[in-house]
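Tertiary structure, described
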Amino acid sequence: FFFFFFQRELRWSTDNVNTLLADVSRGAPFLGNIILSTDASHKCVIIDGQQRTTVCYLIISYIRKKFQDRLEIPSLCPIDNKSFSGLQKIIEQGFERTTITQQEWDELLSSDMYSQFPRYNEIWNVLKTSELLNKVGTARTVLKNILASKVNIIVSYSDPDSSIPFFLDVNLKGVRLD
C-alpha cells in the first residue's frame, strides 16, 4: 500500500498530540473514521483522517528511531504528502540534517507548499520531550496501544473527488474539505 494525502496541511497542536499520547498510554482508543479512496494498484488517498494518520505515523517513526535496536516495530508503508513531498525523507532523517547536504535539506524544505515544516518539527519535538516516549517500557506501551487502536475504515473504489460525498456523510464535525 501507498498512502497519499488529499485533505489539507497538518493542523494538530501540541495539545492534540499530548492528548493522543496520554490516551494511548492508558489503552488502545477508538481513533475514529478514516476514509480512503483506492484504485486497482492499491494506492490509497486519504480523504479524511490525515491528521490522525500523520500523527500516529510520526509517533511510530519516532519510537522506531529512538528504540530501533530494543523494540520490534512493524514496517510502515511510505506516505506521499502531495503538499509536502519531502516529508517522508525528513521523517526518516529524524527532522535533522545530519546525514544529508544542506542543498538536499533545502530541496526537501522547498517541497513544503504550505510551510508545514515548523508544525511537523514542533510535533516531533513534543515526541522527543514526552515522558511517555523517553523510556523503552512506556514507549513499548504507547506503540502496542497505537497498533491495537480501532478505526473505522471506509474505502471508496473510485477517484478521490467522487469520494468526497462519503466524507461529508460521515464527518461528525460537518466541516467541508478545503
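Above this note sits the structure.
Structural notes, computed from the coordinates. (Residues numbered from 1 in each chain as written. Predicted model: local features only at pLDDT ≥ 70, side-chain atom pairs only at ≥ 80, totals over all residues. Heavy atoms only, no water.)

For the rest of this paragraph, the subject is the packing of aromatic side chains. A full pass over the atoms with the stated rule returns 5 aromatic pairs. Judged by centre distance (5.9 Å) and plane angle (90 degrees), the ring pair of W105 and F117 falls under edge-to-face. One end of the pair, W105, is in helix α4 (residues 102-110); the other, F117, is in helix α5 (residues 117-129), with 12 residues separating them in the sequence. Grouping residues by exposure puts W105 and F117 together as buried. Within the aromatic cluster, the residues linked to one another by ring pairs are Y62, F95, W105, F117 and W124. (Phe/Tyr/Trp six-rings, centres within 6.5 Å; stacked < 30°, edge-to-face > 60°. Helix = DSSP H or I, 4+ residues; strand = E, 2+ residues; numbered from the N terminus. Buried < 20%, exposed > 50% of the residue type's maximum accessible area, 1.4 Å probe, protein only.)

Structurally, S111 can be placed in the loop between α4 and α5. Remark: the alpha-carbon pair of S111 and L87, spanning 24 residues in sequence, is separated by 8.3 Å. Apart from residues no more than four positions distant in its own chain, S111 is found in contact with S83, F84, S85 and G86. Of note is the side chain of S111, whose polar atom sits 2.6 Å from the backbone oxygen of L108. (Contact = heavy atoms within 4.5 Å. Polar contact = N/O pair within 3.5 Å; in protein donor to acceptor, adjacent residues only side chain to side chain.)

For F95, which is not glycine, the phi torsion reads 60 degrees and is therefore positive. Residue placement: F95 occurs in the loop between α3 (87-92) and α4. One non-glycine residue, S115, lies in the positive phi region at around 55 degrees. Relative to the helices and strands, S115 resides in the loop between α4 and α5.

To continue, consider the packing of helix α1 (residues 14-26) against helix α6 (residues 136-148). For any two helices packed against each other, the geometry is given by the interaxial angle and the distance between the axes. α6 packs onto α1 with a crossing angle of 90 degrees between their chain directions and a minimal axis gap of 8 Å. Judged by the inter-axis angle, α1 sits roughly perpendicular to α6. Residue-level contacts link L21, V24, S25 and R26 of α1 to T141, V142, N145 and I146 of α6. Partitioned by chemical class, the residues of the contact of α1 with α6 number 4 nonpolar, 3 polar and 1 charged. (Axes fitted to C-alpha atoms, helices over the stretch in contact; angles between N-to-C directions. Parallel < 35°, antiparallel > 145°, perpendicular 65-115°, else oblique. Nonpolar A, V, L, I, M, F, W, Y, C, P; charged D, E, K, R; others polar.)

What follows concerns the nonpolar core. Ranked by size, the top nonpolar core spans 38 residues in total, and within it I59, I63 and L127 carry the most contacts. Every element with two or more residues in this core is listed here: α1, α2 (50-67), α3, α4, α5 and α6. Tallying contributions element by element places α2 first for this core, with 9 residues. Among all residues touching I59, those that are not within four sequence positions of it are L20, L21, L127, V142 and I146. (Core = buried A, V, L, I, M, F, W, Y, C linked by side-chain atoms within 4.5 Å.)

Taken together, V151, I153, V155 and Y157 make up a surface patch of nonpolar side chains, about 380 Å² in accessible area. Structurally, Y157 can be placed in the loop between β5 (150-156) and α7 (160-170). (Patch = residues over 30% accessible without salt bridge, like charges linked within 9 Å, V, L, I, M, F, W, Y side chains within 5 Å. Areas by Shrake-Rupley, 256 points an atom, 1.4 Å probe, with all protein chains shown as cover. Salt bridge = Lys/Arg side-chain N within 4 Å of Asp/Glu carboxyl O.)

Another point: the pattern of salt bridges. Under the counting rule described, the total for this entry stands at 5 salt bridges. One salt bridge connects D48 with R52, and the closest N-O pair in it is separated by 3.9 Å. Judged by its relative accessible area of 8%, D48 is buried. Taking the shortest distance from any N to any O, the salt bridge between E96 and K128 comes out at 3.9 Å. Pair noted here: E96 is in the loop between α3 and α4 and K128 is in helix α5, with a separation of 32 residues, a long-range link. By relative accessible area, which is 38% here, K128 ends up partly exposed.

Okay, the packing of α2 against α5 next. Between α2 and α5, the shortest axis-to-axis distance is 10 Å and the interhelical angle comes to 50 degrees. It follows that α2 is oblique to α5 by the angle criterion. The chirality of how α2 crosses α5 is right-handed. Contact residues: α2 offers T54, V55, L58, I59, S61, Y62 and K65, while α5 offers Y120, I123, W124, L127 and K128. Here the contact of α2 with α5 is built from residues that sort into 8 nonpolar, 2 polar and 2 charged. (Left-handed = near helix turned anticlockwise from the far one by under 90°.)

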